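Summary of structural features
So the chains spell out like this:
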Amino acid sequence: MKIHEKYITRCIEIAKNGLGTTAPNPMVGSVIVYNEQIIGEGFTSAYGGPHAEVNAIASVADKTLLHKATLYVTLEPCSHFGKTPPCSDLIIKLGIPHVVIGTMDSHSKVSGKGIDKLKAAGCKVTLGVMEAACKEHHKRFFTFHNKKRPYIILKWAETQDGFIAPKTRKEQKPVWITNPYSRQLVHKWRAEEQAILVGTKTVLEDNPGLTVRDWTGKHPVRVVLDRALKLPKHFQIFNNEAETLIISEKEIDFSNQVAKQLADYLYQKDIQSIIVEGGRETLQTFINENLWDEARVFIGNTNFKQGVKAPHISRKIISETIIDTDVLKIHTNEN
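Residues numbered from 1 in each chain as written. Predicted model: local features only at pLDDT ≥ 70, side-chain atom pairs only at ≥ 80, totals over all residues. Heavy atoms only, no water.

Quick look at unusual backbone geometry
Selection rule: In DSSP terms, a helix is any run of H or I states spanning at least four residues, a strand is any run of E spanning at least two, and both are numbered starting from the N terminus. With a 1.4 Å probe rolled over the protein chains alone, any residue whose accessible area is under 20% of its type maximum counts as buried; one over 50% counts as exposed, and the rest are partly exposed.
Of note, the amide linkage connecting Ala 23 to Pro 24 takes the cis form, showing an omega dihedral of 10°. On the secondary structure map, Pro 24 appears in the loop between helix H1 (5-15) and strand E1 (29-34). Of note in this structure, Asn 35 is not a glycine but carries a positive phi near 55°. Residue Asn 35 is classed as exposed on the basis of its relative accessible area, which comes to 61%. Backbone geometry places Gln 257, a non-glycine residue, at a positive phi of 45°.

Okay, here's the thing in structure tokens:
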């Protein structure tokens, strides 16, 4: 059978349905093709549920076609028992003769073992179809397992004259730089990542909830830096809407490599991705230590003339998007 990249493209498309719910599992997509037609497709269920390949197989109406079909999948099928049985075992049991894999799994529990098991059972395996796109799609999972830290997204809004906050906040708390559409997008992002991080000053000045209010989805874990444990308990971050991790000087040493220590701490907590939404000092800490993967920067249609300068970042911009009166610039930290 001829291999078509469009089927891996479809795998990536449907895999995104699992964004924000599958971690610590990867958000995998899978389609099953017979006679150049998709006869089944699936993506990874919320953590603890069936994997993409299982859901794709279950969606096939006529199971007798499986022994003549090709299964496409973004990531190497698992070969170990976790919350669910190995996907490679099910593929072998049902006699699916050909598996096309976007990229190999770098997780030590899988890494090549699923491919070896399939080949040993007589299944034809094609590896590396649209590999770059699949690695980009699985960037959170790969960063966590290869770099032993979460995928780190920096986010802030700045004025056209380069300020992140005004000189005073007497009139309004918080002070909005962006429009409602941009703010809704930020809530969508929160639902897509496992955690969100801010510093003490941001909590004291804005009393943020750090939840998904303007979107539908799971609230991220709230990670709050509170070195001396001085934040009042009546603040919103202490309510029961979402889990909150308070990091004080009991957990890390705030005098050196704070971002690195935070990344190590969050890795131990099994957090694969985080949005850093803190103030300038917190954001610049990650930039200075070169410990970030993306920076999502809104430029609002306003000027402060004076105030707190926005963080300085020099990496390349990979996209610019107009959102009504705002401009969203996305930087990447690729070398």
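Examining the nonpolar core
Our working definition: Take the buried residues of types Ala, Val, Leu, Ile, Met, Phe, Trp, Tyr and Cys, join any two whose side-chain atoms come within 4.5 Å, and each joined set is a nonpolar core. In what follows, residue pairs with any heavy atoms lying within 4.5 Å of each other are defined as contacts.
Ile 152, Leu 154, Trp 156, Leu 197, Val 223, Leu 262 and Phe 286 are the most contacted members of the largest nonpolar core, which totals 33 residues. For this core, the element with the most residues is helix H9 (residues 258-268), which contributes six residues. Setting aside residues no more than four positions away along its own chain, Val 223 makes contact with Ala 195, Ile 196, Leu 197, Val 198, Leu 245, Ile 247, Leu 266 and Ile 274. Val 28, Ala 56, Ala 69 and Leu 75 belong to the second largest nonpolar core, which has 21 residues in total.

Observations regarding the sheet that holds strand E10 (residues 244-247)
The line we're drawing: Each pair of strands is called paired provided DSSP finds at least two bridges between the two strands. Axis definition: a line fit to C-alpha positions, over the contact stretch in the case of helices; interaxial angles, taken between N-to-C directions, run 0 to 180 degrees.
The mixed open sheet is built from eight strands, whose spatial order is E10-E9-E8-E11-E6-E12-E15-E14. A single partner strand is all that each edge strand has here, and the edge strands are E10 and strand E14 (317-323). Adjacent strand axes in the sheet meet at a mean angle of 20°, parallel and antiparallel pairs treated alike. Sheet topology note: the strand E6 (residues 151-158)/strand E12 (residues 294-299) ladder contains six bridges and is parallel. Bridge pairing links Leu 154 to Ala 295 in E12. In the packing of helix H7 (residues 180-192) onto the sheet, the strands contacted are E6, strand E8 (195-198), strand E11 (273-276), E12, E14 and strand E15 (326-332), and the crossing angle to E12 comes to about 160°.

Overview of the pattern of salt bridges
Keep this limit in mind: Just to be clear on terms, a salt bridge is a Lys or Arg side-chain nitrogen sitting within 4 Å of an Asp or Glu carboxyl oxygen.
The final tally for this structure, using the stated rule, is 14 salt bridges. Note that Glu 294 and Lys 139 form a salt bridge whose closest N and O atoms lie 2.8 Å from each other. Of this pair, Glu 294 sits in strand E12 while Lys 139 sits in helix H6 (residues 139-147); the two residues are 155 residues apart in sequence, bridging distant segments of the chain. Here the two residues Glu 294 and Lys 139 agree in accessibility, since each one is buried. We note a salt bridge from Asp 293 to Arg 149, for which the minimum N-O separation is 2.8 Å. Separated by 144 residues along the polypeptide, Asp 293 in the loop between helix H10 (280-288) and E12 and Arg 149 in the loop between H6 and E6 bring together distant segments of the chain. As far as burial versus exposure is concerned, Asp 293 and Arg 149 are alike and both buried. Members of the salt-bridge network, linked through shared partners, are Glu 136, Lys 139, Glu 294 and Arg 296.

Topic: the UniProt feature "binding site: Zn(2+)" (unreviewed entry) in the protein chain
As a reminder of what qualifies: UniProt positions are given in the numbering used here, feature names are shortened, and annotations may be inferred rather than shown by experiment.
The residues that UniProt annotates with the feature "binding site: Zn(2+)" (unreviewed entry) are His 51, Cys 78 and Cys 87. In three dimensions, the annotated residues from a span of 37 residues occupy one location, with a maximal C-alpha spread of 9.1 Å. Here Cys 78 lies in the loop between strand E3 (70-75) and helix H3 (87-93). Look past the residues within four positions of Cys 78 in its chain and what remains in contact with it is His 51, Glu 53, Pro 85, Pro 86, Cys 87, Ser 88 and Val 110. Not counting chain neighbours up to four residues away, the residues in contact with Cys 87 comprise His 51, Glu 53, Val 54, Pro 77 and Cys 78.

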